[in-house]
Amino acid sequence: MTISSAQSFPAFADYVTPYGGLDKIDAFDYLDYLKTHEDAPRKEGKVILVTADTPLKASRGEGKTTTTIALIDALRARGVDAAAVLRQPSMGITAAGSKGGASGGGKASLSQAELADWGLTGEMARIADAQNLLVAFCEKAVDEGVLDRIFIPRVSETPSRSLRSIGVDGGKLPERVVITPACELMQIVVLSRSAQELADRIGSILAGSKEGKPIAVRDFVDVDRIVRVVGNAVQPAYMETAEGSPVYIHCGPFANVSLGIPGLSAVDLACSLHDLVVVEAGYGADAGAQKWLDIAARESGAQWPAAAVVVTRASTWRDDPALQWRYPFHVRRLESLGIPTFPLINLWAGEDDQVPALRRTASDLGFRDPIIGNLFRDGGEGIKAQLDDFISASGPASASISDSGHGFGSDTPHASHRGMPLLDKVAWTIENAYGVPADRIRRKEGFDESLAIARNLAQQAGIALDDLALCAIKSPATMTDDDSAFEGERTVTLKKVSINAGSGVVSVNLTTSLTTPMPKIV
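Bear in mind the structure is a predicted one, so any value in this text is a computation, not a measurement.

### Some details on the overall build of the protein
- Secondary structure summary: the protein contains 19 helices and 21 strands in total.
- For the protein, buried positions account for 59% of its 522 residues.
- For the protein, the share of sequence-separated contacts (at least 6 apart) that also reach a separation of at least 24 residues comes to 76%.
- Total accessible area on the protein stands at roughly 20,200 Å², and carbon and sulfur atoms take up 48% of it.

### Considering the sheet that holds strand β20 (residues 492-500)
- Pairing is mixed across the open sheet formed by four strands, whose spatial order is β18-β20-β21-β19. Of all strands in the sheet, those bounded by a partner on one side alone are β18 (441-443) and β19 (469-473). The sheet shows a mean angle of 40° between the axes of neighbouring strands, direction not considered.
- Across six bridges, the pairing between β20 and strand β21 (residues 505-510) is antiparallel. Following the sheet pairing, K496 is matched in β21 by N509.
- Along the sheet face, helix α19 (residues 447-461) touches β18, β20 and β21 and points at about 20° away from the line of β20.

### Some remarks on the pattern of salt bridges
- For the structure on display, the rule yields 21 salt bridges.
- Between D81 and R76 there is a salt bridge; the shortest N-O distance is 3.0 Å.
- Take D81: its relative accessible area is 18%, and that puts it in the buried class.
- Looking at R76, the relative accessible area reads 31%, which means it is partly exposed.
- Where E381 meets K384, a salt bridge forms, and the shortest distance between an N and an O atom there is 3.4 Å.
- Under the relative-accessibility criterion, E381 is labelled exposed at 58%.
- Take K384: its relative accessible area is 25%, and that puts it in the partly exposed class.

### Regarding the side chain of N374
- Tracing the chain through its elements places N374 in the loop between β17 (371-373) and α15 (375-378).
- If we ignore the near neighbours within four places in the chain, the residues touching N374 are L347, W348, A349 and G379.

### Section: the packing of aromatic side chains
- Counting across every chain of the model gives eleven aromatic pairs.
- Judged by centre distance (6.0 Å) and plane angle (40°), the rings of Y15 and Y33 are tilted. Taken together, the residues Y15 in the loop between α1 (5-8) and β1 (16-19) and Y33 in helix α2 (residues 27-36) connect sequence positions 18 residues apart. With respect to class, Y15 is no different from Y33; both count as buried.

### Some remarks on the nonpolar core
- Counting residues in each nonpolar core, the largest one holds 101 residues, and the members touching the most others are F12, Y30, Y248 and W292.
- A per-element tally of this core places helix α6 (residues 123-143) first, with nine residues.
- Apart from residues lying up to four places away in sequence, W292 is in contact with V47, L49, I261, L264, V267, V279, A297, A302, Q303 and P305.
- Of all hydrophobic cores here, the second largest spans 35 residues; its members include I72, L75, L375 and I383.

### Quick look at unusual backbone geometry
- Notably, E211 is not glycine yet its phi reads approximately 55°, a positive angle.
- Mapped onto the elements of the fold, E211 is located in the loop between β10 (206-210) and β11 (213-216).

### Some details on helix α3 (residues 64-77)
- Given a rise of 1.5 Å per residue, 14 residues ought to cover 20 Å, and the 20 Å separating the end C-alpha atoms of α3 matches this to within 8%.
- Burial within α3 is extensive, with twelve of its 14 residues counted as buried.
- The complete set of buried residues in α3 reads K64, T65, T66, T67, T68, I69, A70, L71, I72, D73, A74 and L75.
- Positive backbone phi, approximately 90°, marks G79, located one or two places after α3.

### Remarks on the pairing of β20
- Two elements, β18 and β20, share three bridges in a ladder whose sense is parallel. Considered in β20, the bridge of I441 is made with V492.

Parameters and conventions
- Residue numbering note: each chain is counted from 1, following its sequence as written.
- Only residues with pLDDT of 70 or above have their local features reported here, since the model is predicted, and side-chain atom pairs are shown and tallied only from 80 upward, although totals for entire chains, interfaces and linings are computed over all residues.
- Only hydrogens and water are set aside; all other atoms, that is, all heavy atoms of the structure, feed into the side-chain values.
- Here a helix means four or more residues in a row that DSSP labels H or I, a strand means two or more in a row labelled E, and each is numbered from the N terminus.
- A 1.4 Å probe rolled over the protein chains alone gives each residue an accessible area, and that area as a share of the maximum for its type sets the label: buried under 20%, exposed over 50%, partly exposed in between.
- Should any heavy atoms of two residues lie within 4.5 Å, those residues are counted as being in contact.
- In these tables, accessible area is a Shrake-Rupley quantity obtained with a 1.4 Å probe, and a residue counts as shielded only by the protein chains included in the view.
- DSSP bridges decide pairing: two strands pair if at least two such bridges lie between them.
- Whenever a helix is involved, its axis is fitted only over the stretch in contact; in every case the axis is a line through C-alpha atoms, and angles between N-to-C directions fall within 0 to 180 degrees.
- Whenever a carboxyl oxygen of Asp or Glu lies within 4 Å of a side-chain nitrogen of Lys or Arg, that contact is scored as a salt bridge.
- Any two of the Phe, Tyr and Trp rings considered here, Trp counted by its six-membered ring, make a pair once their centres fall within 6.5 Å; the pair's planes then place it as stacked at under 30 degrees, edge-to-face at over 60, or tilted in between.
- To form a nonpolar core, buried Ala, Val, Leu, Ile, Met, Phe, Trp, Tyr and Cys residues must be joined to one another through side-chain atoms within 4.5 Å.
- In this analysis, the expected span of each helix is defined as 1.5 Å times one less than the number of residues it contains.

Written out as structure tokens, the structure reads:
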């Protein structure tokens, strides 16, 4: 396929390579070209965040990808230069299309959906190979007396009960396996914007320890060997919707157990080529949107969204009275941050007669006029006429991080939390993203010990624990320990702390979570 942007930005064509039936883009080198050629033609596109209601079940999506595809098709039909940046699918949850894939559906689909659903050009596999090679280097280092404990887990993307509890080499070394999207190397590829940053971050991974002293990967591994195995997994894949709209696909799903956002280099690339860039974030607004705002934007200099769309199904929003509070909470939270936020209700077959009632409910809640449509059936055509307010809110006159640069003051909602004590950062996130105040945060037995171990490890490694970005590890289908509890009784339980020094993240497990390979295809 031909990337239309190459016609508007001739130099861009030099950074596009056909590969495996798709085009791969050397985003690192192109972004470096733009930095060193200030007069090169480029755009300063704004980010539109697509997130969702918290789904009733982890395996039941609300339609973020379908919405993202329909939205850019509708915007382009209205004359707006819009593109999308999607995350890669996970074999653990989209295998055999049991969840519906990660490529939209019906008239709101990618033109080569099967390539997206089944691994694109092997990016997920390259990251898994590189992470597992690191483990092999660590095992060799144990034999050579360099390490006596390994921190890096193996990874697998294939659902497997057997990998959830295993012993290796007669049990001489503790062995654990996590799903590929949850691994540190995936986080590193997501956050890196240059080849040098990628190498530096890989080298900073804490590989293990010797007599209690932490040892980084760079201390005993030729980092370039790992970089070469990662290979072109750092390059976004270019695809198109069935209507011919541009889509860039890069990096990891699963915002409940990791970052769950597309690669920042892919988003930066798309913003240099298009006016509006619709970015899909994982799971609900308590997961993917929270991590875009609090990790990508606050801590990594990604764009603060010019507008947001919160997707829900009519049934998720209204059918369970005990959970109806979640959707209004998400919409109002994003609005409170100065982000114009539009409810989008993704209708299923037979729900068209509910539209008047849905609009009345949205009006009673004080929402902006919702965007409603059966996107599977109608695609972008079904919402094209409803986008006047959305286009106005996200257009040139709207607020954007690009208007003032990344230098936010501490009194703005965008301010970095670097240096905030970790537990204060955790309490802030829980109150703002889940609606639970600090006095209802619980600590599971063993949490304090886990925190002390993490603090000691960080201190010995010369890492300021409070400078790391907080990554909450949580259930994708709940915001609290029990979302059906009355508001004044909802709690969040802290369970475990772990450090990913290479990605600059401290993970805190709370509520329930699953980072091991799935026990079955869902």
